Amino acid sequence: MKREIIKDEIHEDGTHTKIEKFTQTPEDGFVYEEQRGTLRRKKRFFKGHAIRIRYQSNDPKVVYPALLFMFLAVMLIFLIVAGLFFFTARFLPYGMGFIKTYFFIIFLFIVFIFGYMFKEMRKIQKKREKEMQNQQNQKDQQ
């Protein structure tokens, strides 16, 4: 398996961007691969042609919109599931009070988690801006 670093750059504002390309051929034999991002990690052996590109960045200009997109996607899925459940739960013999309470608690949990992530992103961004201003002041004084 061939690993090629396409771009590895530290920007002026202190952010880091890295793009890697992994190329696999049948001559490499069976390559162990662990897939993350699911509830259960999947482990498999793969033989054949494959090209994977991995993009890593700690730039708030990239991470903040991605986080916002994830939040909107999670909320959309939550609202669809809640709407379908409330529609079908109308026909249940017991009351809807406790069901609404559970969904409200889940909603608050989702909002709290993403709110915390946005807050931490803003802290990091403000810290970087202060560092940039300090560096500019030092350059101006020299």
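Residues numbered from 1 in each chain as written. Predicted model: local features only at pLDDT ≥ 70, side-chain atom pairs only at ≥ 80, totals over all residues. Heavy atoms only, no water.

1. Regarding the nonpolar core
Definition in use: We call a set of buried residues a nonpolar core when its members are Ala, Val, Leu, Ile, Met, Phe, Trp, Tyr or Cys and they connect through side-chain atoms within 4.5 Å of each other. Any residue under 20% of the maximum accessible area for its type is buried, any over 50% is exposed, and the rest in between are partly exposed; the area is computed with a 1.4 Å probe on protein chains only. Strands are runs of DSSP state E lasting at least two residues, helices are runs of H or I lasting at least four, and both sets are numbered from the N terminus onward. Residues are treated as being in contact if the distance between any of their heavy atoms lies within 4.5 Å.
Residues Phe71, Ile110 and Phe114 are the most contacted members of the largest nonpolar core, which totals 13 residues. Put simply, the parts of the chain that give this core at least two residues each are helix 1 (60–89) and helix 2 (97–141). If we skip the residues at most four places from it in the chain, Phe71 touches Ile110, Val111, Phe114 and Phe118.

2. Topic: the side chain of Thr17
Our working rule: Between N or O atoms, a polar contact is any pair within 3.5 Å; within protein, one atom must be a potential hydrogen donor and the other a potential acceptor, and residues adjacent in sequence are included only when both atoms are from side chains.
Relative to the elements of secondary structure, Thr17 occurs in strand 2 (residues 16–24). Residue classification places Thr17 among the buried positions, given a relative accessible area of 5%. Polar contacts involving the side chain of Thr17 include one to the side chain of His11, which spans 2.9 Å. Not counting chain neighbours up to four residues away, the residues in contact with Thr17 comprise Lys7, Asp8, Glu9, His11, Tyr55, Gln56 and Ser57.

3. Notes on the pattern of salt bridges
For the record, the criterion: Any carboxyl oxygen of Asp or Glu within 4 Å of a side-chain nitrogen of Lys or Arg constitutes a salt bridge here.
Tallied over the full model, the rule gives five salt bridges. Because the salt bridges share partners, they merge into one network encompassing Arg3, Lys18, Glu20 and Arg54.

4. Some words on the sheet that holds strand 5 (residues 50–57)
Where we set the bar: Being paired, for any two strands, means DSSP has found at least two bridges between them. Angles shown run from 0 to 180 degrees and are taken between the N-to-C directions of axes, each axis being a line fitted to C-alpha atoms and, for helices, limited to the stretch in contact.
Pairing in this open sheet of three strands is antiparallel, and the strands run 1-2-5 from one edge to the other. Strands with a single pairing partner mark the edges of an open sheet, and in this sheet they are strand 1 (2–10) and strand 5. On average, adjacent strands in this sheet sit at an angle of 10° to one another, irrespective of strand direction. Taken together, the eight bridges between strand 1 and strand 2 define a ladder with antiparallel strand orientation. In the strand pairing of strand 2, Arg3 is matched with Phe22.

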